[in-house]
Amino acid sequence: MLRLGLAASAAALLVVAEGFTFTIGSPVASQEFQMKSAAFVFRTEGCVEPAKAQIGGTAEGLVKGTRRSVVLKVATGARPGVYAVYQNWPAEGDWVVNLKGTCANASAGAVVPIGPKGFIRESSKFYSRPATDAEVETSLKTLAQGGNK
Amino acid sequence: MKIFTRHVSRELAAYFDGELMRPTAAKVERHIGQCALCQAEYQQVQRGMAMVEQLPSVVAPDEIWQSIDVTLNAEPREKQIWQWALAATAVLVLVGIAYWRAGLGSGAQWDVVRLDGRPVVGAKYISGTGKIAPGEWMETDSSSRAGIKIGDIGSVEVEPNTRVRVVTAKPGEHRLALARGEIRAKISAPPRLFFVDTAAGTAVDLGCEYSLDTDENGTGLLRVTKGWVSFQWKGLESLVPAGASCHIRSRIGPGIPYFDDAPEALKQALAQGGDAALSTILGESRIRDTLTLWHLLSRVNPNERERVYDRIAALTPVPAGVSREQALRLDQETLKHWKEELAWTW
């Protein structure tokens, strides 16, 4: 019986782990007027208890050939699982936002390039784990070379 | 066709009380629908009357009636008539002042600042800073611009060739009437505290930054740069998010919103309308243009509604909690939920 319970729990965690991810949107998606000046907003998907999710990240930049990293300013919304990212990185240079999150035993990650007109949805990458350093560097390099929309 | 162009300020109170003959009432109603000035004045009359109706009635002390009796018995007849006439005049003046204050004196004054040229508040030029009170007009010529501080919730820039009036300046309601020209609003407050009346309807701030222009006939454009604006006219509502615009027209209200970066063919089709236009709109729509399609759902006939629904469903998965049947029935909760999900793609 114990084995059956453990197996069921493991299966449940697997389901959660497979479904946990981020969705990004423009500030209007949050439906919260306080977030209207955010760089973008995002929400967790597939997290049974979004209020308990651990969310954070960094802005990774390339400024005049020098790599920079800034810890993100992430605000929690009134609705569970909805967050806003405010620009606290310099306007100069090329930047991508590297989001990381955990929910129970599941992880999620996203790399969101920031262009002159704001976040670039079409070039954003989403993972069921934190993005690797190589993936962040590739995204940043592509952005710096003008490879994003 | 005779055009009824004279302003109807004098008839508004009688119109409100239902005392006008039917043809005159119809003319007044038509004029209010076309004239932002008279529309704003009529709203003031409505508010003023509502306030007057809420005033508590107070019983006059017995001493007053006794003194009146004494006076009436003591004075000659002719003198009594004059005294009654004077008293009646005084009462009318007091009622008039109370009515004016109820209607026009709706709240505090706001700070104004000259940005360019020689903007006018009332009959006074603003050379540096000044004030504007409810009921007062601000007017700019072709080389003038001005700023109005909207209480403590934001500011409005008044662009050249604009005529705008402060209607209400209270903590719970900040309201302007834009007769013509352009304003740019930056509001940092919870939704539904700032309103701009135009001849085509009312822009309701939902926490946002936007520009709104209109001509005297109510034809204009709402363009939102941050947050959301709801534009409303007689139960018709367009929800316009950042990056989107919406045309407005008198007696038609708000048009269908579209993103400024939408395909040109889609924008032109929206402006044209008609069956062929719908095919173009559906064919040209990107995922993001579900903003336009979502609004179309409730503005087209049932057959066309099915086509619109199918196009949205083809562009982006229909979320849990939204069924085809409920959406086609225009179930309000379903449409609201769907809009909130679609907004993640906008």
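Residues numbered from 1 in each chain as written. Chains lettered and ligands numbered in written order. Predicted model: local features only at pLDDT ≥ 70, side-chain atom pairs only at ≥ 80, totals over all residues.

1. A short note on the overall build of chain B
Part 1 of the reasoning: Counting secondary structure elements, chain B contains eleven helices and 16 strands.
Part 2 of the reasoning: Here chain B holds 346 residues, and the buried ones make up 36% of them.
Part 3 of the reasoning: Of all intrachain contacts in chain B linking residues separated by at least 6 positions in sequence, the fraction that spans at least 24 positions is 45%. (Helix = DSSP H or I, 4+ residues; strand = E, 2+ residues; numbered from the N terminus. Buried ≥ 20, exposed ≤ 12 C-beta atoms within 10 Å, placed from the backbone. Contact = placed C-beta atoms within 7 Å.)

2. Side note on the confidence of the model for chain B
Residues and elements named next belong to chain B.
Part 1 of the reasoning: Per-residue confidence for chain B averages 85 on the pLDDT scale, and 77% of its residues sit at or above 70.
Part 2 of the reasoning: Predicted confidence for residues 1–5 stays below pLDDT 50, and this span has three contacts to residues more than four positions away or in other chains.
Part 3 of the reasoning: Counting contacts from residues 52–58, a segment whose pLDDT is below 50, to residues more than four positions away or on other chains yields two contacts.
Part 4 of the reasoning: Scored as a whole, the predicted complex attains pTM 0.74, and scored at its interfaces, ipTM 0.83. (pLDDT = per-residue confidence, 0-100.)

3. A look at the nonpolar core
Part 1 of the reasoning: Ranked by internal contacts, the top residues of the largest apolar core, which has 101 residues, are Val112 of chain A together with Leu222 and Val229 of chain B.
Part 2 of the reasoning: The leading source of residues in this core is strand S9 (residues 173–187) of chain B, at seven residues.
Part 3 of the reasoning: Other than its neighbours up to four places away in sequence, Leu222 of chain B contacts Ala203, Tyr210, Leu212, Val229, Phe231, Val240, Ser245, Cys246 and Ile248 of chain B. (Core = buried A, V, L, I, M, F, W, Y, C linked by C-beta atoms within 7 Å.)

4. What to know about the packing of helix H8 (residues 290–297) of chain B against helix H9 (residues 302–315) of chain B
Residue and element names in this part refer to chain B.
Part 1 of the reasoning: The N-to-C vectors of H8 and H9 enclose an angle of 150°; their axes lie 9 Å apart at closest approach. Classified by the angle between their axes, H8 and H9 sit roughly antiparallel to one another. Along this stretch, H8 crosses H9, giving a crossing that reads as left-handed. Here H8 contributes Thr290, Leu293, Trp294, Leu296 and Leu297 to the contact with H9, which in turn contributes Arg305, Val308, Tyr309, Arg311, Ile312 and Leu315.
Part 2 of the reasoning: Class assignment for the residues of the contact of H8 with H9 results in eight nonpolar, one polar and two charged. (Axes fitted to C-alpha atoms, helices over the stretch in contact; angles between N-to-C directions. Parallel < 35°, antiparallel > 145°, perpendicular 65-115°, else oblique. Left-handed = near helix turned anticlockwise from the far one by under 90°. Nonpolar A, V, L, I, M, F, W, Y, C, P; charged D, E, K, R; others polar.)

5. A look at the interface of chain B and chain A
Part 1 of the reasoning: Each side of the interface is counted separately: chain B has 14 residues, and chain A has ten residues.
Part 2 of the reasoning: At the level of elements, strand S11 (201–214) and strand S12 (220–233) of chain B are the ones that each hand at least two residues to the side of chain B that touches chain A.
Part 3 of the reasoning: Its residues placed into classes, the side of chain B that touches chain A shows ten nonpolar, two polar and two charged.

6. Brief notes about the confidence of the model for chain A
Residue and element names in this part refer to chain A.
Part 1 of the reasoning: Residue-level pLDDT values for chain A average 88, and 86% of them are 70 or greater.
Part 2 of the reasoning: Taken element by element, the predicted model of chain A shows its lowest mean pLDDT in helix H1 (residues 2–19) (49) and its highest in strand S7 (residues 94–103) (97).
Part 3 of the reasoning: Predicted confidence is poor over residues 6–17, with pLDDT under 50, and the contacts of this stretch with residues over four places away or in other chains come to nine contacts.

7. Overview of unusual backbone geometry
Part 1 of the reasoning: Of note, Ala104 of chain A is a non-glycine position whose phi angle comes to about 55°, a positive value.
Part 2 of the reasoning: Here Ala104 of chain A shows up in the loop between S7 and strand S8 (106–115).
Part 3 of the reasoning: Here Lys234 of chain B, not a glycine, exhibits a phi torsion of approximately 45°, which is positive.
Part 4 of the reasoning: Summarising the element assignment, Lys234 of chain B is placed in the loop between S12 and strand S13 (236–241).
Part 5 of the reasoning: Classification of Lys234 of chain B by C-beta neighbours within 10 Å gives exposed; the count is 10.

8. Examining the sheet that holds strand S5 (residues 73–76) of chain A
Residue and element names in this part refer to chain A.
Part 1 of the reasoning: The four strands lie next to each other as S1-S2-S6-S5, forming an open sheet whose pairing is antiparallel. Looking at strand neighbours, the two that pair on one side only are strand S1 (21–25) and S5, the edges of this open sheet. In this sheet, adjacent strand axes meet at a mean angle of 30° when their direction is disregarded.
Part 2 of the reasoning: Here strand S2 (residues 40–45) runs beside strand S6 (residues 82–86); their pairing, made up of four bridges, is antiparallel. (Pairing = 2+ DSSP bridges.)

9. Observations concerning the pairing of strand S3 (residues 54–63) of chain A
Residues and elements named next belong to chain A.
Part 1 of the reasoning: Note: S3 against S7, nine bridges, orientation antiparallel. Residue pairing for S7: Gly56 is matched across the bridge by Lys100.
Part 2 of the reasoning: The antiparallel pairing of S3 with strand S4 (residues 66–71) creates a hairpin that spans two residues between the two strands, and Lys64 there sits at a positive phi of about 50°.

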